[in-house]
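Survey of secondary and tertiary structure
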Amino acid sequence: MKPVVLLVGRLPDVISNVARQLEDLPIQWLGAHDREEVIRQLEAEPGISAVVIGAGLDDTIRGDLIGVIAARRPDVCIHLKDRASGAPGMAPFVRRVVEMEVLEKARV
């Protein structure tokens, strides 16, 4: 069974592009674009092991999402992408998170 990672971003195509760029990784990708979608994904998929929140979302929204995720799934690691690397930095950031955090834990 593949580990599950939830990608949260402002634009739907960003999430699908990231998943496409990282299809070599043994991960099941889920996507969400707003609070309601995040809640639906968390409730529907108990196997989510990590959430990566993109930098395109406003800080208020990102803060709210952290609270929502932590309240519903305190077992899930939450990672916030930096803004400095821009949209092109999303896939490399997600790759680092997955390789260092998610896949390493799956091996243990």
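Notes on the structure in this doc start here.

About the cut-offs
- Here the residue numbers are simple positions, counted from 1 along each chain's written sequence.
- Since the coordinates come from a predicted model, pLDDT governs what is reported: local features require at least 70, and pairs of side-chain atoms require 80 or more to be given and counted, while whole-chain, interface and lining totals use all residues.
- The basis for every side-chain value is the complete set of non-hydrogen atoms in the structure, without hydrogens or water.
- Strands were regarded as paired on the criterion that DSSP finds at least two bridges between them.
- In this description a helix means any DSSP run of H or I spanning at least four residues, a strand means any run of E spanning at least two, and both kinds are numbered starting from the N terminus.
- For helices, the fitted axis covers only the stretch in contact; all axes are lines through C-alpha atoms, and the angles between them, taken along N-to-C directions, range from 0 to 180 degrees.
- Every residue pair with non-hydrogen atoms within 4.5 Å of one another is taken to be in contact.

Describing the sheet that holds strand β2 (residues 28-32)
On the basis of which strands lie adjacent, the open sheet formed by four strands has the order β2-β1-β3-β4 and parallel pairing. On the outer flanks of this sheet lie β2 and β4 (77-80), each paired with one strand and no other. Across the sheet, the mean angle from the axis of one strand to that of its neighbour is 20°, orientation sign disregarded. Bridge count between strand β1 (residues 4-8) and strand β3 (residues 48-53): five bridges; the pairing is parallel. The residue of β3 that forms the bridge with Leu 7 is Val 52. Packed onto the sheet, helix α1 (residues 12-21) meets β1 and β2 and runs at close to 170° relative to β2.

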